[in-house]
Structures are given as C-alpha cells and as structure tokens.
Amino acid sequence: MIQLDKVTKQFNTANGTLTAVDNVSLSINDGEIYGIIGYSGAGKSTMIRLFNGLEKPTSGSIIVNGANITEIKGAKLRAARHKVSMVFQHFNLLWSRTVEENIAFTLEVAGVKKEQRQVKVAELIELVGLQGREKSYPSQLSGGQKQRVGIARALANEPEVLLCDEATSALDPETTDAILDLLVSINERLNITIILITHEMHVIRKICNRVAVMEEGKIVEEGDVLQVFESP
Ligand code: ADP
Ligand code: ADP
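- Identification of the protein as Methionine ABC transporter ATP-binding protein from Kurthia sibirica is taken from an unreviewed UniProt entry.
- Per UniProt, the protein has the following entry under Sequence similarities (unreviewed entry): "Belongs to the ABC transporter superfamily."

Here's what the structure looks like:
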C-alpha cells in the first residue's frame, strides 16, 4: 500500500517558492490500478517522483509497502525504492543494445548471475509478447514494441509497484490499447500495483479502478473511476 499524508512539495525558483504538490493525502491499495490525471503542470510527475523517493517532500509523510520513505536512509531506502519500478513515455532504452541486452542490463546491475539472467530475460520477453525480437535493436522496433521492452525491463527487479509516467502518450490509439491490455494482464498475473499518470481520460477509463484528478498541485476529485467521470 502507498499512503501519502498531507504531502507538500515546494521548489525554490527564481520567482520564489512554487508549490508543485499541495497538501495531498492519498492511499493506494495493493493490487490496484490507480490513475492520476491532470493537465500539464498539475504536479503529476512530482507525485511520481515522490512515490519512488526521487524527491523528498517539504512536509508530510509517504509510506510505501510499510516503509516510511521520508524517514529511512541508505540501504533501507534503496531496498524500498527497488520495489518500485518506472515505465517512461519515451521508453529510455539503451539504443546500442538489443532487446534482450536492454532487459538483462537491469539484472546485471542488480547482481544477478548470467545463467539466471538468461532464464529471467526469456520469461520477461514471453510475458510482454516479444518472442522473436530478442536480437533486435530499439531502432528496429515499433513504438509499442519499444514500450514492451520498457515494461519488461521495469519488471526485471520484481517490483511490487509499477509507476507508469505517460507510458502510452507517445503511441497511436491502437498501440495504446494493446499496451494497456498488457498492463492489465501484468496486474492480474503478477499482482503488481500499477499507478499511472496521464493527461488522457481514455487511458484512465480503460484500465483504472480509481482515479485522482490533480489541479495546481491539489487533488480536486478522487474515487472510483465510474463515480468521478460518470456522475452528473
Ligand atoms: P505535470 O507532471 O502534471 O506536468 P510537474 O509535476 O512536472 O507537473 O510540475 C508541477 C509544477 O512544479 C510545475 O509548475 C513545474 O514547473 C514545477 N516543477 C517541477 N519540478 C520542478 C523543479 N525541479 N524545480 C522547479 N519547479 C519544478
Ligand atoms: P526522445 O526522443 O523522446 O528522447 P528516444 O526514444 O529517442 O526518445 O530516446 C529515449 C532515450 O534513449 C533517451 O533517454 C535518450 O537519451 C536515449 N538515447 C537516444 N538515442 C540514443 C543513442 N544513440 N545511444 C544511447 N542512448 C540514446
């Protein structure tokens, strides 16, 4: 579970203090697909960076899978962060490495031995439906295939939470639907909590259980997707 209690994040800028996240309290359950929607500048990316410990809140507390990541440090913080993986809008692949090398790289960094790496990479490639493309380079893949590599790489660490940062925003509508279907199947098969931020209502409607609507750093509406979007 992820729990934010009165979280505020401010940045000091040339024009003074900017409040990117403003007194947000929120709780996301294990196994949920949770959406955060808002216009550009609403504070969505800052939220995601707070979830994975890349940013520290100015005030408030953030509990991720039982660990208060605003208080712990060093090895404990690294262990907590390890359970949270990211999927990016522009894939962030290594362009000089093949599909299997891109996925193996994460395992290499984590210190997984070569034989285990090979088994794990094959499993992940199957999971995301990239069989036959193991030796391809990112430049030889479609956008959807690149994002499948991004997802496989994010899953290599066996995370408990997958953070998707506009993960389908660079894709056409059909490919978006295929990637969203993949995220649902991952959520169901691996029981991973998925949090996605997006500016697209369609994405939220298609796969999220619950949604938070952000405006100017605040959550202005929150609840079941049907309630938030369908009520008169
Ligand atoms: P979104 O992801 O919804 O587009 P962001 O979280 O990126 O929103 O940004 C929210 C606000 O915080 C914006 O006004 C943005 O300019 C500001 N902001 C984000 N990161 C920083 C930073 N590192 N330094 C200063 N201002 C920032
Ligand atoms: P964007 O154009 O939005 O940055 P790309 O898919 O082109 O998206 O790039 C994704 C990531 O891969 C970026 O982080 C970029 O720095 C990196 N990248 C792009 N080209 C290369 C390259 N030739 N070698 C290594 N990394 C690259």
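From this point on, the discussion continues.
1. Thoughts on the overall build of the protein
- When you go through the protein residue by residue, the secondary structure sums to 8 helices and 10 strands.
- Along the first, second and third principal axes, the C-alpha set of the protein runs to 50 × 45 × 35 Å.
- The proportion of buried residues among the 232 residues of the protein is 48%.
- Here the contacts in the protein between residues at least 6 apart in sequence split such that 69% fall between residues at least 24 apart.
- Entry remark: accessible area of the protein is about 11600 Å², with carbon and sulfur atoms responsible for 47%.
- In the protein, the 25 positive side-chain charges and the 29 negative ones have mean positions that sit 9 Å from each other.

2. What about the confidence of the model for the protein?
- For the protein, per-residue confidence averages 95 on the pLDDT scale, and 99% of positions sit at 70 or higher.
- Here helix α8 (residues 225–230) stands out as the element of the protein with the lowest mean pLDDT, 88, in contrast to helix α5 (residues 143–155), whose mean of 98 is the highest.

3. A look at the sheet that holds strand β2 (residues 16–28)
- Spatial ordering of the open sheet is given by β2-β1-β4-β5, a layout of 4 strands whose pairing is antiparallel. The sheet is open, and its two edges are formed by β2 and β5 (67–68), each paired on a single side.
- In this structure, strand β1 (residues 2–13) lies alongside strand β4 (residues 59–64), joined through 5 bridges in antiparallel fashion. Among the inter-strand pairings, Gln 3 is bridged to a residue of β4, identified as Ile 63.
- This element, helix α1 (residues 44–51), spans β1, β2 and β4 of the sheet and lies at about 60° to β2.

4. Considerations on the side chain of Ser 136
- Of note, Ser 136 is situated in the loop between α4 (114–128) and α5.
- For Ser 136, the contacting residues outside a window of four places in its chain are Thr 98, Val 99 and Leu 141.

Conventions we followed
The written sequence of each chain sets the order in which its residues are numbered from 1. Throughout, the order in which chains and ligands are written sets their labels, letters from A for the former and numbers from 1 for the latter. Local features in this predicted model are restricted to residues whose pLDDT is 70 or higher, and side-chain atom pairs enter the listing and the counts only when it is 80 or higher, whereas totals over whole chains, interfaces and linings include all residues. To get the side-chain values, all heavy atoms of the structure are used, and hydrogens and water are removed first. UniProt positions are given in the numbering used here, feature names are shortened, and annotations may be inferred rather than shown by experiment. Helical segments are the DSSP runs of H or I of at least four residues, strand segments are the runs of E of at least two, and each set is numbered from the N terminus. Relative accessible area decides the class of each residue, using a 1.4 Å probe on protein chains only: under 20% of the type maximum gives buried, over 50% gives exposed, and in between gives partly exposed. Contacts are assigned to residue pairs that have any heavy atoms within 4.5 Å of one another. Reported accessibility uses the Shrake-Rupley method at a 1.4 Å probe radius. Residues are deemed covered only where the shown protein chains occlude them. All tallies of charge rest on Lys and Arg as positive and Asp and Glu as negative; His and the ends of each chain are not included. Charge positions are represented by NZ for Lys, CZ for Arg, CG for Asp and CD for Glu. pLDDT runs from 0 to 100 and stands for how confident the predictor is about each residue. At least two bridges found by DSSP between two strands is the condition for calling them paired. Between the N-to-C directions of two axes lies an angle of 0 to 180 degrees, each axis being a line fitted to C-alpha atoms and, for a helix, fitted only over the stretch in contact.

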